[in-house]
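Listed below, chain by chain, are the residues.
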Amino acid sequence: QQHHYSQHKQQNTTTAQQHLTNRIWSKLNHTLSYSRIGSVIVRLAPCFWCTRKKFTLSSTTDRQILLRLNLLCAFFCIVQILCGLSLFIAKFTGFVEEENVEEKESNPDQNKNLVSLDFWALESFVYYLTVINFVLLVACGMAHRAIRDVNLVGSVRFMWALFWLLPLQIFCMIGLFDAYTVTEVKTKHWWDDPSMSYVRELTCENGTADNKCIVPISGGKNHENETVWCIQEYNATDCEDIKHEAQQMWNLTSRILYTLNGVWAMMLILLMWVTLSVLQAIITLSIVQRSKESNIPFWLILPIMGCFSVGYLLSYNRTSINELVDDVSWISIGYLVSAGLFALAAVIGAVLKFYTVLNGRQRRVKQGLVIVFITTIFMALLACSTIFVTSLLYSLKFVLLPEGNFQRIACQLDMSGSCTGCDDDPMQCPEWTDDDVKKVLRTIMKMCATLAAIFIVYAMITLRYGFTLFNYVSRYQIEYV
């Protein structure tokens, strides 16, 4: 007598669910067709006006629409890359120039870092977008041939590239919208830095960029006020007015530039979303779903790396303030815990992917693993939700920030010599006002809430997969032959 174990699903139930899913999907496509949206976009794009008459809804295929959407994404990437490179070159040029001896003696602040990892440095988001869009540009170039030659493997890889880059693009886009005018704080305290020399040359009066226009805040450590500094250094009294007018001009200009950059990134996000939707329609829903379910560990790499990076930056960055603000400390710990939970879920997902069921005992083991997987993801969802709610409450001013440590926080945020009293006891920084510190803290909380919201979406999608997998394993039937 031969013993053979086989597993199979209940065919009738599965078939009925597939028919229901297909009906819902077709109804959604009928109501909101991404192919139609993509067709309208490529017909209205100026670069395709020459083929507008030939490109109609009745005579084009989804593949042709996708090819043109891919070209539009590449164009947007090139423009974003040029913007980021231009900003970096302008700052780098001033950064490498040797500082004037007279400037050093009159304003002895230390030079700031060229690139900052702080959440409140808006130029950092421009640099991040430059890197992200370079990767996207390479992906678009490789995908163009795959789409044209009907290469399914290349199309699936492009789909995963869009899945990965879209959340990063959204995060950087939100960071470029300066809701709390934190750029004014950066301009105020980084004004005399060599990296801002290109700005001073553009906005200060002729011949004052490296002298009168860099009067220290409140006159610096050795002068009573800015007027006294101006009289002693240059025998004049107009230094404060020159600097104030130049800073106002740059604050307005930088806000317009960052907002335009954010709007450009938003338009690219919409293009990426439509491209992704049309691409999934071409690949077909069943293949897309199977690819997602078989690559859960790969899907969770982004939240793992994101949570760990944010937790590390909030805890161990040079300008970290987690020891001075208890809630920031708990948020950093929450991100590190979330990273661990997502990593554990990824390991369990990899085990589930390769674990085969040949008998009743193995089915029960797999059900137990699925339950642990669901529990782990639920805990990660709870941690990210807690971070999101806490950060949002502080960012939207529903909860007041603790004011007792504002002077110490200012010294921590500006460790490069701008503060004149950080070595005193008690520590103080008269150059930074309480309002400056609040703007920085609320911007940090805004970005923490943004990241938490993105990871909540990841957790909810993964949790849905866990329940689907549990139902799938529960329907296993073991026959004795």
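Along each chain, residue indices are assigned from 1 in the same order as the chain's sequence is written. With the structure being a predicted model, the display of local features is reserved for residues of pLDDT at least 70 and the display and counting of side-chain atom pairs for 80 or more, all residues being used for whole-chain, interface and lining totals. Here the side-chain values reflect all heavy atoms present in the structure, with hydrogen atoms and water set aside.

## Things to note about the overall build of the chain
So, point 1. Along the backbone of the chain there are 17 helices and two strands.
So, point 2. Residue burial in the chain is summarised as follows: out of 481 residues, 47% are buried.
So, point 3. Throughout, a residue-residue contact means that at least one pair of heavy atoms, one from each residue, lies within 4.5 Å. At a minimum sequence separation of 6, the contacts of the chain that also span at least 24 residues come to 78%.
So, point 4. Entry remark: accessible area of the chain is about 24800 Å², with carbon and sulfur atoms responsible for 61%. Strands here mean DSSP runs of E at least two residues long; helices mean DSSP runs of H or I at least four residues long; both are numbered from the N terminus. Exposure classes here rest on a 1.4 Å probe applied to the protein chains alone. A residue is buried below 20% of its type maximum, exposed above 50%, and partly exposed in between. Accessible surface area values rest on a Shrake-Rupley calculation with a 1.4 Å probe, where residue burial reflects the displayed protein chains alone.

## Observations regarding the layout of surface pockets
So, point 1. Here a cavity denotes a set of grid points, spaced 1 Å apart and computed over the protein atoms alone, in which a 1.4 Å probe fits but from which it cannot get out, and a pocket denotes an open set meeting protein on both sides within 12 Å along at least five of seven lines; residues with an atom within 4 Å of a point are reported as lining. Grid points are joined across faces, edges and corners, and a volume is the space filled by probe spheres set on the points. In this structure, the second largest pocket spans a volume of roughly 610 Å³.
So, point 2. The wall of the second largest pocket is formed by 23 residues, among which Leu-168, Phe-171, Leu-302, Gly-306 and Ser-309 lie closest to the centre.
So, point 3. Breaking the lining of the second largest pocket down by element, the ones donating at least two residues are helix H5 (122–148), helix H6 (152–175), helix H13 (301–316) and helix H17 (434–474).
So, point 4. Counting residues per element, the lining of the second largest pocket draws most heavily on H13, which supplies seven residues.

## A word on the side chain of Arg-200
So, point 1. By secondary structure assignment, the location of Arg-200 is in helix H8 (residues 197–203).
So, point 2. Residue classification places Arg-200 among the buried residues on the basis of a relative accessible area of 1%.
So, point 3. Only 3.0 Å separates the side chain of Arg-200 from the backbone oxygen of Asp-193, close enough to count as a polar contact. Within 3.5 Å is the distance limit for a polar contact, defined as a pair of N or O atoms, with the added protein rule that one can donate a hydrogen and the other accept it, and that residues adjacent in sequence qualify only through two side-chain atoms.

## Some words on the environment of Val-357
So, point 1. Relative to the elements of secondary structure, Val-357 occurs in the loop between helix H14 (326–354) and helix H15 (360–395).
So, point 2. On the basis of relative accessibility, which here comes to 3%, the residue Val-357 falls in the buried class.
So, point 3. Along the backbone, Val-357 and Val-473 are 116 residues apart, and their C-alpha atoms lie at a distance of 9.0 Å.

## Focus on the confidence of the model for the chain
So, point 1. Mean pLDDT over the chain works out to 79, with 80% of the residues at or above the 70 mark.
So, point 2. The predictor rates its confidence in each residue with pLDDT, a number between 0 and 100. The least confident element of the chain is strand E1 (residues 5–8), whose mean pLDDT is 40; the most confident is H5, at 91.
So, point 3. In this model residues 1–15 is a low-confidence stretch, pLDDT under 50, and it forms 29 contacts with partners more than four residues away in sequence or in other chains.

## Topic: the state of the cysteines
So, point 1. When two cysteine sulfur atoms lie within 2.5 Å, the pair is treated as a disulfide. Per the stated rule, a full pass over the model turns up two disulfides.
So, point 2. Between the sulfur atoms of Cys-204 and its disulfide partner Cys-213 the distance amounts to 1.9 Å. Around the S-S axis, the bridge from Cys-204 to Cys-213 shows a dihedral of about -65 degrees and counts as left-handed.
So, point 3. You can call Cys-204 buried: its relative accessible area is 7%.

## Concerning helix H7 (residues 182–190)
So, point 1. Of all the nine residues making up H7, seven are buried; the element is thus mostly covered by neighbouring parts of the structure.
So, point 2. For H7, the complete set of buried residues consists of Val-182, Thr-183, Val-185, Lys-186, Thr-187, His-189 and Trp-190.
So, point 3. On the buried face of H7, the contacting elements are H5, helix H10 (239–283), helix H16 (406–413) and H17.

## Regarding the packing of aromatic side chains
So, point 1. Think of it this way: a Phe, Tyr or Trp ring, Trp meaning its six-membered ring, pairs with another when their centres are within 6.5 Å, and the plane angle makes it stacked under 30 degrees, edge-to-face over 60, tilted otherwise. Scanning all chains against the criterion turns up 19 aromatic pairs.
So, point 2. The rings of Trp-160, Phe-163, Trp-164, Phe-298, Trp-299 and Tyr-458 are connected pair by pair, giving a single aromatic cluster.
So, point 3. Only when the NZ atom of a Lys or the CZ atom of an Arg is both within 6 Å of the ring centre and within 35 degrees of the ring normal do we say a charge sits over the ring. Taking NZ or CZ as reference, Lys-186 lies 5.8 Å from the ring centre of Trp-120, over its face.
So, point 4. Over the face of the ring belonging to Trp-190 we find Lys-186, whose NZ or CZ atom lies 5.3 Å from the ring centre.

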